[in-house]
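Each chain, letter by letter, is given below.
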Amino acid sequence: MYDPDNRLTDAYEPEVGTLPNEDGGRDEENVVKTGTTTVGLSTENGVIIATDRRASLGGRFVSNKQVQKVEQIHPTAAMTLVGSVGGAQSFIRSLRAEADLYEVRRDEPLSIHALATLAGNFARGGPYFAINPIVGGVDEEGSHVYSVDPAGGVLEDDYTVTGSGTMVATGTIEGQYDPEMSLSEARDLAIRAVNAAAERDTGSGNGVVLAEITDEGVEIDAFDDYESAE
């Protein structure tokens, strides 16, 4: 039976795939994680989100080479999958369900700020394990990119990077990002950032997934290599 006060009977535990350790908690070494490099760039015309496609076990073994780490969660917004795979997948499903429910009840979609705030509330108070996603979207107020930390902190910025390849990807973007750049230019920069991270970060690699978000919707494409994505 599920006991909300007992972490070992977490309702999401089968998906996370964790094992109890000697301290009675979760064994992070046995969680399938995305490792990952995820990038979100905001422009005047929309948002570009880019991620690699690798999942790893304990950061040492590549367990999957074709992970789609970006999911649409709103008519004009998407979220990245970062951290433990099971926790991130459950998080996305729950957030998408709440966004759909809001739209049915109010006959209008959530604002992106409200969506990011809801994501932070879920991260802080829910059973989701080891997540650090990016929320990107477009609404009446313009283009938005938010990072959501595992403690529920929500920060908006012109661009943001999360995952194990953060330092390399951020260094690639820094100095080249321009808020007035076109979506095409933002796409190229995001691809270069993920590619650079994959060269040095063992948790990132195996191609790129790109999400282009405008006021017309979300388009997500996956590529096996960086050259074909350009």
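Residues numbered from 1 in each chain as written. Predicted model: local features only at pLDDT ≥ 70, side-chain atom pairs only at ≥ 80, totals over all residues. Heavy atoms only, no water.

1. Examining the environment of V218
Then, in step 1: Position of V218 among the secondary structure elements: in strand β13 (residues 217–223).
Then, in step 2: For V218, a relative accessible area of 18% translates into the label buried.
Then, in step 3: In the structure, V218 is positioned 142 residues away from T76 in sequence and 5.8 Å away in space, judged by C-alpha atoms.
Then, in step 4: Discounting chain neighbours no more than four positions away, the residues touching V218 are Q72, H74, P75, T76, A77, A78, E212 and I213. (Helix = DSSP H or I, 4+ residues; strand = E, 2+ residues; numbered from the N terminus. Buried < 20%, exposed > 50% of the residue type's maximum accessible area, 1.4 Å probe, protein only. Contact = heavy atoms within 4.5 Å.)

2. Describing the packing of helix α2 (residues 85–106) against helix α3 (residues 112–125)
Then, in step 1: One way to put it is that α2 packs onto α3 with a least axis distance of 11 Å and a crossing angle of 135°. Judged by the angle between their axes, α2 and α3 are oblique. Judged by the twist between their axes, the crossing of α2 over α3 is right-handed. Listed contacts from α3 to F91, S94, L95, E98 and A99 of α2 are L115, L118, A119, F122 and A123.
Then, in step 2: Residue composition of the contact of α2 with α3, by class: 8 nonpolar, 1 polar and 1 charged. (Axes fitted to C-alpha atoms, helices over the stretch in contact; angles between N-to-C directions. Parallel < 35°, antiparallel > 145°, perpendicular 65-115°, else oblique. Left-handed = near helix turned anticlockwise from the far one by under 90°. Nonpolar A, V, L, I, M, F, W, Y, C, P; charged D, E, K, R; others polar.)

3. Some words on the environment of D221
Then, in step 1: Assignment of secondary structure puts D221 in strand β13.
Then, in step 2: The class of D221 is partly exposed, set by a relative accessible area of 30%.
Then, in step 3: Sequence-wise, D221 and V208 are 13 residues apart; in three dimensions their C-alpha atoms are separated by 8.5 Å.
Then, in step 4: Beyond its immediate stretch of four places on either side in the chain, D221 contacts V208, V209 and L210.

4. Quick notes on the packing of aromatic side chains
Then, in step 1: Inspection of every chain in the model, using the stated rule, returns 2 aromatic pairs.
Then, in step 2: With centroids separated by 6.4 Å and ring planes inclined at 90°, the aromatic side chains of F91 and F122 adopt a geometry described as edge-to-face. Of this pair, F91 sits in helix α2 while F122 is found in helix α3, placing the two residues 31 residues apart along the sequence. (Phe/Tyr/Trp six-rings, centres within 6.5 Å; stacked < 30°, edge-to-face > 60°.)

5. Some remarks on the nonpolar core
Across soluble globular proteins, nonpolar side chains show a tendency to be buried alongside one another.
Then, in step 1: Core analysis: the biggest nonpolar cluster contains 23 residues, and V39, L41, I173, Y177, V208 and L210 have the highest contact counts within it.
Then, in step 2: Among the elements of the structure, β2 (37–43), β3 (46–51), β11 (159–163), α4 (166–173), α5 (183–200), β12 (208–214) and α6 (226–229) are those that each provide at least two residues to this core.
Then, in step 3: In terms of residues, this core owes the most to one element, α5, which gives 8 residues.
Then, in step 4: Listed in part, the 21 residues of the second largest apolar core include M79, L110, I112 and F122. (Core = buried A, V, L, I, M, F, W, Y, C linked by side-chain atoms within 4.5 Å.)

6. Considerations on the pattern of salt bridges
Then, in step 1: Summed over all chains, the structure comprises 3 salt bridges.
Then, in step 2: For R96, the salt bridge goes to E71, with nearest N and O atoms at 3.5 Å. Highlighted residues: R96 in helix α2 and E71 in strand β6 (residues 70–74), separated in sequence by 25 residues.
Then, in step 3: Residue classification places E71 among the partly exposed positions, given a relative accessible area of 25%. (Salt bridge = Lys/Arg side-chain N within 4 Å of Asp/Glu carboxyl O.)

7. Here we look at the pairing of β12
Then, in step 1: Along β12, 6 of the 7 residues are buried, which leaves the element largely enclosed by surrounding structure.
Then, in step 2: When β3 meets β12, the two strands line up antiparallel, connected through 5 bridges. Along β12, the bridge assignment pairs T51 with V209.
Then, in step 3: Taken together, the 7 bridges between β12 and β13 define a ladder with antiparallel strand orientation. Residue E212 lies in a different strand from β13, and its bridge partner there is E219.
Then, in step 4: Adjacent in sequence and paired antiparallel, β12 and β13 are bridged by 2 residues. (Pairing = 2+ DSSP bridges.)

8. Describing the side chain of T51
Then, in step 1: Position of T51 relative to the elements: it lies in strand β3.
Then, in step 2: The exposure class assigned to T51 is buried, which follows from its relative accessible area of 0%.
Then, in step 3: Among all residues touching T51, those that are not within four sequence positions of it are T37, T38, K69, V70, T80, V194, G207, V208 and V209.

Function cannot be inferred from these measures alone, as they are strictly geometric.
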